[in-house]
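For reference, the chains in residue letters:
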Amino acid sequence: QNASGTVEFLGALDEPLPEGLRSRAPFQFILCTEVLEHVPRWPEAFTNLVDLLAPGGRLLVTCPHIWIPHEEPYDFHRPTSLALEFYARRAGLRILDLDRLGDGYDVLGTVLAVTRVRPAGNLLLWVPALPAYMARRLALPLLRARWMRRIVALRTPLYLSTIGVFEKNR
């Protein structure tokens, strides 16, 4: 529940849904963004989402792929686009669009932004640690610079997140 108390229905996506929510279904569109990584049982979650959709209704899902653990201890998955495709098809959804978002700049910038470079022991170890510290400090602004993307390509199969748009069969 939020601080204002305005959330109408509370419940886990992979458990029986509240009757009040079920009575409002079916929905033409469901937005499920940055949620599924916190849901341990995906078959049940996808079944519930499909049950809430009207025939021809659409489901938009986003999930992080490269990201720090958060909302612990309820952070279970870093799914690939293949995982979303598998569970969506298994639940009877048709895939309208499925994309991997983010490039080498985004991945490297995300990893460096949450990395702290410190000496592994006493202060004397700052001398050998200083080049790594400075490299990180210099790399982050370069990764943010638009001009850098025009002159240097960072090719990697890694990506930040997955977005999928699915449709319930009519």
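This text follows the structure it describes.
Residues numbered from 1 in each chain as written. Predicted model: local features only at pLDDT ≥ 70, side-chain atom pairs only at ≥ 80, totals over all residues. Heavy atoms only, no water.

A. Local environment of helix α2 (residues 42-52). Residues of α2 that are buried: Trp42, Ala45, Phe46, Asn48, Leu49, Val50 and Leu52. At its buried positions, α2 is contacted by α1 (19-24), β1 (27-33), β2 (53-64), α3 (81-90), β3 (93-101) and β4 (161-168). (Buried < 20%, exposed > 50% of the residue type's maximum accessible area, 1.4 Å probe, protein only. Helix = DSSP H or I, 4+ residues; strand = E, 2+ residues; numbered from the N terminus. Contact = heavy atoms within 4.5 Å.)

B. Representation of the packing of α2 against α3 within the structure. At their nearest, the axes of α2 and α3 sit 9 Å apart, and the two run at 55° to each other. One way to sum up the angle between α2 and α3 is to call them oblique. The interaxial crossing formed by α2 with α3 has right-handed handedness. Here α2 contributes Trp42, Pro43 and Phe46 to the contact with α3, which in turn contributes Ala83, Leu84, Tyr87, Ala88 and Arg90. Considered class by class, the residues forming the contact of α2 with α3 number seven nonpolar, no polar and one charged. (Axes fitted to C-alpha atoms, helices over the stretch in contact; angles between N-to-C directions. Parallel < 35°, antiparallel > 145°, perpendicular 65-115°, else oblique. Left-handed = near helix turned anticlockwise from the far one by under 90°. Nonpolar A, V, L, I, M, F, W, Y, C, P; charged D, E, K, R; others polar.)

C. The packing of helix α4 (residues 104-113) against helix α5 (residues 126-144), seen in detail. Across the interface, α4 lies against α5 with an axial gap of 10 Å and an inter-helix angle of 145°. When you trace α4 past α5, the crossing you get is left-handed. Where α4 abuts α5, its residues Tyr105, Leu108, Gly109, Leu112 and Ala113 lie against Arg136, Ala139, Leu140, Leu142 and Leu143. Here the contact of α4 with α5 is built from residues that sort into eight nonpolar, one polar and one charged.

D. Structural context of the layout of surface pockets. The space that makes up the largest pocket amounts to roughly 500 Å³. Sorting the residues of the lining of the largest pocket by element identifies β1 and α2 as the ones contributing at least two each. Element by element, the count of residues in the lining of the largest pocket is highest for β1, at five residues. Considered class by class, the residues forming the lining of the largest pocket number 16 nonpolar, three polar and no charged. (1 Å grid on protein atoms, 1.4 Å probe; cavity = no way out; pocket = protein on both sides within 12 Å on 5 of 7 lines; lining within 4 Å. Points joined across faces, edges and corners; volume = space filled by probe spheres on them.)

E. The pairing of β2, seen in detail. Of all 12 residues making up β2, 10 are buried, and the element is well covered by its neighbours. Here six bridges tie β1 to β2, and the two strands are oriented parallel to one another. What sits directly across from Leu31, in β2, is Leu60. Once the chain exits β1 it traverses α2 before rejoining the sheet at β2, and the crossover so formed is right-handed. One ladder, built from seven bridges, connects β2 with β4; its direction is antiparallel. Note on β4: the bridge partner recorded for Cys63 is Thr162. (Pairing = 2+ DSSP bridges. Right-handed = clockwise from strand over helix to strand, strands pointing away.)

Note that every value here comes from positions in space, so none of it alone points to a role or purpose.
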